[in-house]
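Listed here are the chains, written in short residue letters.
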There are 2 protein chains.
Amino acid sequence: MYAFSKAVNSMHSEDVKQLMKQASGKNLISFAGGMPNNDLFPVKEIDEIYNSLPEDVKKLCFQYGPTSGYPPLVKSLECYLENKGLAVANNKILITTGSLQAISIIAREFVNEGDIILTENPCFVGALTVFETVGAEIHSIPIDKNGINIKALKSKIESLDRKPKFLYVTPNYHNPAGIVYTPERKKALLEALSGSGIILIEDDAYSDLYFDETERHLTRSMKSMGDNDVEIIYTGSFSKILGPGFRLGFMLSSEEIFEKAETVKQALDACTSSFTQILANEFLVQEKLEPYLTFLRSEYLERKNMLQKYLKLYMPEEIKWNEPKGGFYIWLKLPPHIKSTDIFKESVAKGVVFVTGRTFDPASEKDDRLRLSFSNMPKDQIEKGVRILSEAINQVLQSSKVGIS
Amino acid sequence: MYAFSKAVNSMHSEDVKQLMKQASGKNLISFAGGMPNNDLFPVKEIDEIYNSLPEDVKKLCFQYGPTSGYPPLVKSLECYLENKGLAVANNKILITTGSLQAISIIAREFVNEGDIILTENPCFVGALTVFETVGAEIHSIPIDKNGINIKALKSKIESLDRKPKFLYVTPNYHNPAGIVYTPERKKALLEALSGSGIILIEDDAYSDLYFDETERHLTRSMKSMGDNDVEIIYTGSFSKILGPGFRLGFMLSSEEIFEKAETVKQALDACTSSFTQILANEFLVQEKLEPYLTFLRSEYLERKNMLQKYLKLYMPEEIKWNEPKGGFYIWLKLPPHIKSTDIFKESVAKGVVFVTGRTFDPASEKDDRLRLSFSNMPKDQIEKGVRILSEAINQVLQSSKVGIS
């Protein structure tokens, strides 16, 4: 039900909302939700943590904390980020109420109505909602399987009469595209931005969720790639490595950006929940994260492999996709004359939902893709879900052929 | 330490911040913090609740919830509010990440840069921070011991060339003034606003904290005072009746205002923590709130009585105040030529802090008051704290007399 309302919330199109509402009584198979399945959460670990909290720390759970974050969690996050190769020393961490709040704070810090923001196309829909709310003019740059298109980025920047306030990207296990930027593309992006004065927002919610340890190096953050003259704000989240219900995210930035961000946060919610910050801190300090990630990686790999297997088995040959190396998503490519919104209408009637391609296009137009999430999908429903979806796709393909002939 | 940084955060004046920082190593007695003492939180009750959550509900703690709030909590809040005489039926509840977020959402929903907002003077400083962030032009109306000055309000509205977007008030156990509006003043306020088209924001964080059951009727909300043509948005908080660390608040408004507010919230933090919402819901459903409030009322009454007793004993006769009937605060009145900022400088040097009067003036000028909070004060420090504060006040009074003679 939550996954469902979440998916509804994250869709632009009114008619799709209508369809989802009509179908809400049915027992849908959902590839829509970009969140972990309820059965994957570390409930036992948090139980142990909660029940072994010293009395004085437990009382702190109930109290206000500093706007910038619960100090022991800031310290634990420093270790966590240093372990990822991030130079925390010259930067400051601000803990936020989910990483969406970090994006919201950054937007409010830098963007006035009518200012330009650059995004990828497709782009994480939560960020798009924020950017629309602050009245930004969004220009999007296409991505391919290796990352953002550098040539398109450069020519976009040249074509604009004003300097964009920032470029927002999600380079690791992209939502919705599933790709990870190659190291070369990350380097090329930094070179392209060098000297432009455009801030880079590097949103990194998924980097811990690689499928293959030997490919971990692919998730290296641009913020960690040594000194250059590109100002980078790095954002991260506990939603994928602990649970979205904790509403915990963070941003790592220069001290100057941090200080303004702290002031913005002060007027948004004063501070993030001490309760969830204290539990998350113990999760890190007691070294429960790494074993939990090992479990998650194998669970998501298994789901990805199953989805991949059934897609190969059932999908008509016109449908293409890249196999992801981590994260939550497979991003199906349809023939250019087919709209994912049309497939959605057939599919939801048959009991399967996903998120349409145009949801992730800032202009709500480009619709030749669709996002399948395997993170929230019970394993025993994957085959049935893919079969039904394939039928819906075949149906739309057939009627389009009839239409053409 | 948190109370301390909170107090620093809520002060406007840079020199006061500097002083607080200098004193931060010392073991200060603090009348500054507007929050419950750590020893007052219902730790045992939440322990019981957490450990008896069914497995499937516990999993929901980790998951996203709807932007508008965890549905069972919305329902429990409906009962809680109906019990206060509030007509929930024609209105909708939005659960927020603390009631400050509700104020922030309302400000973002209605206010563009340069728009006028009316507030009380003095005014809750958190709300002032929000209103400043959205670039509002703040006009404040004085309050007396019975509530906002109606004549001043009317003449302010008449004098303005634009209609204010809303009037923000905290009628029950006002922060910082400690007063509760009389029923007559509440009625007069509604009459004054009738036909003006000015929305009333009724912020009601303290109404459960009356000292005397027979005076409970004084806390009746204006939103519950029958039908009239004033649009009222009612905001409330779990910070004073469960714990600020849960970051839980809510707003009750017409459906039209609710819908826009939900969209604003979606772009701020997607949803409020499921973890803390689920615990708070059980706190209400399992009827643990009322016994806890009975405990809190007697604890705060005892602290208030002690503070009252020692103020009478130690304060120089030039210092006046009204005895509060509930809430957290006593609002001392100084002779007109004495500034609370000067007293603060003496007092902090002697080891006692409070919040200066000018902190609560939107113009940061009016400084002939100071706020003492008894909610966060250990009982065994009250006498010593008042004695030291009285010495500081006497010192400033003496030197002002020397200056005059």
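Residues numbered from 1 in each chain as written. Chains lettered and ligands numbered in written order. Predicted model: local features only at pLDDT ≥ 70, side-chain atom pairs only at ≥ 80, totals over all residues. Heavy atoms only, no water.

1. Things to note about the overall build of chain A
What counts is decided by this rule: Elements are defined by DSSP. Helices are runs of H or I of four residues or more, strands are runs of E of two residues or more, and each kind is numbered from the N terminus. The quantity called the radius of gyration is restricted to C-alpha atoms. Its globule counterpart is 2.2 Å times the number of residues to the power 0.38. Think of it in three bands: with a 1.4 Å probe and only protein chains considered, a residue is buried below 20% of the maximum accessible area for its type, exposed above 50%, and partly exposed in between. Contacts between residues were defined by any pair of non-hydrogen atoms, one from each residue, lying within 4.5 Å. To measure how exposed things are, a 1.4 Å probe is used in the Shrake-Rupley method; for residues, cover is taken only from the protein chains shown.
When helices and strands are tallied, chain A shows 14 helices and 13 strands. Its C-alpha atoms give chain A a radius of gyration of 21 Å, near enough to 22 Å, the size a compact globule of 405 residues would have. Overall, the C-alpha framework of chain A stretches about 70 × 55 × 40 Å when taken along its three principal axes. By the burial criterion, 63% of the 405 residues in chain A qualify as buried. In chain A, of all internal contacts separated by at least 6 residues, the share reaching a separation of at least 24 is 76%. Taken as a whole, chain A presents about 15,100 Å² of accessible surface, with 49% of it coming from carbon and sulfur.

2. Things to note about the sheet that holds strand β13 (residues 369-373) of chain B
All names here are of chain B. Quick note on the threshold: Two strands pair if DSSP finds at least two bridges between them. Only C-alpha atoms enter the line fits that serve as axes; for helices the fit covers just the stretch in contact. Angles between N-to-C directions range over 0 to 180 degrees.
The sheet built from three strands is open, its strands ordered β10-β13-β12 with antiparallel pairing. If you trace the sheet from one side to the other, it starts and ends with β10 (329-333) and β12 (355-356), each paired once. Sheet analysis places β10 next to β13, joined by five bridges and oriented antiparallel. Within β13, the position partnered with Tyr329 by the bridge is Ser373. On the sheet, helix α12 (residues 289-314) packs against β10 and β13 and is oriented at approximately 20° with respect to β10.

3. Comments concerning the confidence of the model for chain A
Residues and elements named next belong to chain A. What counts is decided by this rule: Summary of the metric used: pLDDT quantifies the predictor's per-residue confidence within the range 0 to 100.
With 92% of its residues at a pLDDT of 70 or more, chain A shows a mean pLDDT of 93. Residue range residues 1-13 is modelled with pLDDT below 50. Its contacts to residues more than four positions away, or to other chains, number 35 contacts. Note on the complex model: pTM 0.94, ipTM 0.94.

4. Considering the pairing of strand β4 (residues 137-144) of chain A
Sheet faces and side chains relate simply in a regular strand, where the side chains alternate between the two faces. Residue and element names in this part refer to chain A. Strand direction decides the pairing type here: strand β3 (residues 116-121) and β4, joined by six bridges, are parallel. Looking across to β4, one finds that Leu118 is bridged to His139. Bridge count between β4 and strand β5 (residues 147-148): two bridges; the pairing is antiparallel. By the bridge assignment for β5, Ile143 is matched with Ile148. In textbook terms, the turn of a hairpin is the stretch between consecutive antiparallel strands, and for β4 and β5 this stretch comprises two residues.

5. Regarding the packing of helix α8 (residues 150-159) of chain A against helix α9 (residues 183-193) of chain A
Residues and elements named next belong to chain A. Which entries qualify depends on this criterion: For classification, angles of less than 35 degrees are called roughly parallel, those exceeding 145 degrees roughly antiparallel, those between 65 and 115 degrees roughly perpendicular, and all remaining angles oblique. By convention, the crossing between two helices is left-handed when the near helix turns anticlockwise from the far helix through less than a right angle, and right-handed when the turn is clockwise. Residue classes follow a fixed rule: Ala, Val, Leu, Ile, Met, Phe, Trp, Tyr, Cys and Pro count as nonpolar, while Asp, Glu, Lys and Arg count as charged, and any other residue, Gly among them, counts as polar.
Running from N to C, α8 and α9 cross one another at 15°; their axes reach a closest spacing of 10 Å. Viewed along their axes, α8 and α9 adopt a mutual orientation that is roughly parallel. As for how α8 packs across α9, the hand of that crossing is right-handed. Of the residues in α9, those in contact with Ile150, Leu153, Lys154 and Ile157 of α8 are Arg185, Ala188, Leu189, Ala192 and Leu193. Of the residues that constitute the contact of α8 with α9, the class distribution is seven nonpolar, no polar and two charged.

6. Examining the relation of the copies chain A and chain B
This is how the line gets drawn: A residue counts toward the fit only if its pLDDT is at least 70 in both copies, and the copies are then superposed by least squares on the C-alpha atoms of those residues.
Turning chain A through 180° and shifting it by 0.0 Å along the axis lays it on chain B, with an RMSD of 0.0 Å. The symmetry that links the two subunits is that of a two-fold axis. The residues that chain A uses at the interface reappear at the interface of chain B in 100% of cases, marking a shared surface.

7. Concerning the environment of B:Asn37
Mapped onto the fold, B:Asn37 is located in the loop between β1 (29-30) and α3 (43-51). Note on B:Asn37: relative accessible area 9%, which makes it buried. The spacing of B:Asn37 and B:Phe374 is 337 residues in sequence and 9.1 Å in space, taken between C-alpha atoms. Aside from chain neighbours lying at most four places away, what touches B:Asn37 is A:Gln63, B:Arg303, B:Ser375, B:Asn376, B:Met377 and B:Pro378.

8. Some remarks on the interface of chain A and chain B
In plain terms, the rule: Buried area: the accessible area, evaluated with a 1.4 Å probe, that two parts lose upon being put together, summed over both parts. The working definition used for a salt bridge is a side-chain nitrogen of Lys or Arg within 4 Å of a carboxyl oxygen of Asp or Glu. Here a polar contact is taken to be a pair of N or O atoms separated by no more than 3.5 Å, where protein atoms must pair a possible hydrogen donor with a possible acceptor and residues adjacent in sequence count only if both atoms sit in side chains.
Each partner contributes to the interface: chain A provides 59 residues, whereas chain B provides 59 residues. Interface of chain A and chain B: buried area, both sides summed, is about 5,100 Å²; carbon and sulfur atoms make up 60% of it. Along the contact surface separating chain A from chain B lie four salt bridges. Salt-bridge contacts for A:Lys58 lead to B:Asp47; the nearest nitrogen and oxygen are separated by 3.0 Å. There are 23 residue pairs in polar contact (both at pLDDT 80 or more) connecting chain A and chain B. If you list the elements that add at least two residues to the side of chain A that touches chain B, you get α1 (2-9), α3 (43-51), α4 (55-61), α6 (99-110), α7 (125-133), α10 (255-269) and α11 (274-285) of chain A.

9. Considering a negative patch on the surface
Residues and elements named next belong to chain A. Selection rule: For patch building, the residue pool is restricted to those with more than 30% relative accessible area and no salt bridge; the joining distance is 9 Å between like charges and 5 Å between nonpolar side chains (Val, Leu, Ile, Met, Phe, Trp, Tyr). Counted as positive: Lys and Arg. Counted as negative: Asp and Glu. His and the chain ends are not counted at all. Charged groups are reduced to one reference atom each: NZ for lysine, CZ for arginine, CG for aspartic acid, CD for glutamic acid.
Where like charges cluster on the molecular surface, the negative patch consists of Glu231, Glu255, Glu256 and Glu259. Take Glu231: it is sitting in the loop between β7 (199-203) and β8 (232-237). A residue is classified by how much of its surface remains accessible, and Glu231, at 33% relative accessible area, is partly exposed.

10. Some details on the packing of aromatic side chains
We count it as follows: Note on aromatic contacts: the rings of Phe and Tyr and the six-membered ring of Trp form a pair at centre separations within 6.5 Å, being stacked when their planes are under 30 degrees apart, edge-to-face when over 60 apart, and tilted otherwise. Think of it as a cone above the ring: NZ of Lys or CZ of Arg counts as a charge over the ring if it is within 6 Å of the ring centre and within 35 degrees of the ring normal.
Taken as a whole and judged by the stated rule, the model has 40 aromatic pairs over all chains. Their ring planes at 90° and their centres at 6.5 Å tell us that A:Tyr80 and A:Phe250 sit as a pair that is edge-to-face. You can see A:Tyr80 sitting in helix α5 (residues 71-83) and its partner A:Phe250 sitting in strand β9 (residues 249-253), a full 170 residues away along the chain. Assessed through its relative accessible area of 15%, A:Tyr80 is described here as buried. Taking the relative accessible area as the measure of exposure, A:Phe250 reaches 2% and is therefore buried. Here the aromatic residues A:Phe41, A:Tyr50, A:Phe62, A:Phe246, A:Phe275, B:Phe41, B:Tyr50, B:Phe62, B:Phe246 and B:Phe275 are joined through ring pairs into a cluster of three or more. Across the ring face of B:Tyr50, the terminal group of B:Lys58 is positioned such that the distance to the ring centre comes to 4.5 Å.

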